[in-house]
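# An overview of the molecular structure
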Amino acid sequence: MIDTVAKFKERISHFSDEERERILKAAEWAEELHRGQRRASGEPYVIHPLRVAEMLIELEMDSETIIAALLHDILEDTSITAVEIRDRFGRNVEALVDGVTKISIIKAKSKSVQAAETMRKMLFAMTKDIRVILIKLADKLHNMSTLEYLPVERVRSIATECLDIYAPLAGRLGISWLKAELEDLALKALHPDVYQQIKTTVAQKKATRAEYLSKVMGAIYKLAKQEGYEIEVTTRAKHFYSIYRKMKRRRKNIDEIFDLLGIRILCQSENDCYGMLGLVHKLWPPIEGRFKDYIAMPKANKYQSLHTTVMCYGGNLIEIQIRTHEMHRTAEFGIAAHWAYKEGLSEGKRPPEPRDLAIITKLKSWDGMKITSSEFLDEIKRELLKDSIYVFTPKGDVVELPKGSTPIDFAYHIHTEVGHRCFAAKADGSIIPLTQELKNTQVIEILTSVKATPHLNWLRFVRTASARSKIRHWLNQHDDSIILDKSIVVKKRPAGGHPLPGKTGGAPSGQHVAEGVAPTGATHGAQGAPSRPAVRPATPTGEIITKIIDRDKVAFKIGNERNMMVRIANCCNPASGDDIVGYVSRGRGIIVHKRRCPNIAHIPDIKERMIEVEWEAVSPRATRRFRVTARMTSDLFSEIEGAVRKYKGHLIEGKLEEDDRGNLSGAFTMELETKDDFKKVMKSIRTIPSVVNIQTTGAQDPASA
């Protein structure tokens, strides 16, 4: 046994004799299996699983979690099988190790698909045992702390994934310190100069800050003692990533950011928390709009606290958090408190359990949904890991929805039939459009009618996977004019189309050809609003392809058959936002390529078999496309989306990739109310600090369609 494992023994003294023996056996086995393996730093590989296990010990996790942490890489990096793990340590440890093990690379699939499938496997394993994700988060934290030994491009990729997925996951599980550390390490990797600037500034002001906060704490203690409150006051500096976000949001240098300080007051009871809030506001005036009551309305991760920002001595803004000791423990440990709590809980209190978390409920509801690999990561980023809003039913029940949700999402959350039959909505008593974004704490009422039905247009506005799935299912069952599977819609051609020149009758079996003449006439979209005239070529059976977004093959109807398939070309692998074109192959359905794919020119009879396809865009509004090049940043996509929304636009599709210079480049498609808004949006996007270059790549609007 190497010296490192011997030192590890000192960390497990609080376990029972039997548990310690099992943990040490796992540590020794891990050392044996990883012998000879080295990390990028040159250290023995076993240091990694030992450090991951130590982090989970700090979270006071149980012995099975510690054993699984010690063995979490052996299925990937050694010849050991899952059966051998089960024989030595039982089914639970086997399941935990398997849950965090990557899916093997399949030759026919890209690395992005493999990554998505691995993430799907891990998250669904988490619904059965939350400890899977806790092991993965500890694994990620240790890897993030040793990034300096990896190539630059690999560092950027890992750090970006950390900001996009793992830090938000830690937040959703309520482990605030882990989320903060992951974010700070990602900032250090992606923006080392900014990180160092913030670190230096915070360090320089440490002495001044300590003196100032001592004065603030003294005032709080003095008044609390006079009023008979028993409290504990601590100080805190905002973590670096939160300061960085504040700088970007306010477009200020760190020297201009003053509210870097924080005070936390721990009380004996909830009543004391509200009492202390009153005393704090008696000492210093509160800032309007900066008070939040997470005690009355806890976050989805069970976080509870009162937050208020006050104008303190010298005009400095200070955020003050007020909570009980139990709330503080939950805030720090999150779901890990389910295992960490031993004793000392107040009567009637219990630690949070996995089944209590909204993220677990949502993941379970997704288990039966048909979500492709390409959609899955986008869905979890958009719905599970983004900020939530909390709205109320008329009866006062709280409903949590992802930010950006609409009354349609709310209606389907209440019940499928409520969603199907909704025709209007009220927010705080006033009628609002079904497509309007909901705001935090609104009271939402859904108006229904037996004559109301879902509309295809709704798919553009819903934000929840559940609502999207239910709308698609209804349309497939009840609307004979379309066939929709995933995000592909096949519509019957309006009257007025003409046969392909030189062709008569239907195509031979297995040889579907596309017409080359655009049909005339106009279709009508949701609620009778006229949509752009149909201009896309049709199949001989009188149907047109209007949109393609799914990367997997999807069946659709040709005549009375459903044997036509849409496939994504492997040679150019088009993705959301790319300019694309399709052709009708012989016996393999419609193949979708990037429009500039060099292989298209070599396809026999390509002009006759070409068919126009596009990414999903159901709107009579002006459509514009553009390309962006930017410096590496984790939130470029959301910044571009914000610039588009500022002028009431809608970002239909977007794709960002890292180029060989370490920059981000990507293509976007957006819809705007008018063509005049395009210049305004472009100007707004150019003001984004990380954007280096922006180019338009095409345009389309109702007048030109």
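These numbers come from a predicted model, not from an experiment.

## Details of the overall build of the chain
- Looking only at helices and strands, one finds 25 helices and 22 strands in the chain.
- A total of 705 residues make up the chain; the buried ones form 51% of that total.
- In the chain, once contacts between residues fewer than 6 apart in sequence are set aside, the share between residues at least 24 apart is 63%.
- For the chain, the accessible surface area stands at approximately 33700 Å², while carbon and sulfur atoms represent 48% of it.

## Points about the nonpolar core
- Grouped together as the largest cluster of nonpolar side chains are 102 residues, with contacts concentrated most on Phe8, Leu56, Leu71, Ile133, Leu182, Val628 and Ile685.
- Top contributing element to this core by residue count: helix α10 (residues 152-172), with 10 residues.
- Setting aside residues up to four positions removed in sequence, Ile685 forms contacts with Phe626, Val628, Ile640, Ala643, Val691 and Ile694.
- Listed in part, the 28 residues of the second largest apolar core include Cys273, Leu277, Leu279 and Met327.

## A look at the sheet that holds strand β8 (residues 422-427)
- The 3 strands are arranged β9-β8-β10 in an open sheet whose pairing can be described as antiparallel. Only two strands of the sheet have a single neighbouring strand rather than two, namely β9 (430-432) and β10 (444-448). For this sheet, the mean inter-axis angle between neighbouring strands, taken without regard to orientation, is 35°.
- Summarising the sheet, β8 and β10 pair through 5 bridges and their orientation is antiparallel. Bridge assignment links Lys426 to a residue of β10, and that residue is Glu445.
- Sheet strands in contact with helix α20 (residues 407-414) are β8, β9 and β10, and its direction is about 80° off that of β10.

## With respect to unusual backbone geometry
- Of note, the phi angle at Asp428 is positive, near 55°, even though the residue is not glycine.
- Along the chain, the position of Asp428 falls in the loop between β8 and β9.
- Asp428 gets classed as exposed once you look at its relative accessible area, which sits at 51%.
- The phi dihedral of Thr441 is positive, around 70°, even though this residue is not glycine.
- Relative to the elements of secondary structure, Thr441 occurs in the loop between β9 and β10.
- Overall, Thr441 belongs to the partly exposed group, its relative accessible area being 43%.

## Quick word on the packing of aromatic side chains
- The full count for this structure, using the stated rule, is 6 aromatic pairs.
- Of note, Arg88 hangs over the ring of Trp29, and the distance from its end group to the ring centre comes to 4.0 Å.

Cut-off values and rules
Residues numbered from 1 in each chain as written. Predicted model: local features only at pLDDT ≥ 70, side-chain atom pairs only at ≥ 80, totals over all residues. Heavy atoms only, no water. Helix = DSSP H or I, 4+ residues; strand = E, 2+ residues; numbered from the N terminus. Buried < 20%, exposed > 50% of the residue type's maximum accessible area, 1.4 Å probe, protein only. Contact = heavy atoms within 4.5 Å. Areas by Shrake-Rupley, 256 points an atom, 1.4 Å probe, with all protein chains shown as cover. Core = buried A, V, L, I, M, F, W, Y, C linked by side-chain atoms within 4.5 Å. Pairing = 2+ DSSP bridges. Axes fitted to C-alpha atoms, helices over the stretch in contact; angles between N-to-C directions. Phe/Tyr/Trp six-rings, centres within 6.5 Å; stacked < 30°, edge-to-face > 60°. Lys NZ or Arg CZ within 6 Å of the ring centre and 35° of its normal.

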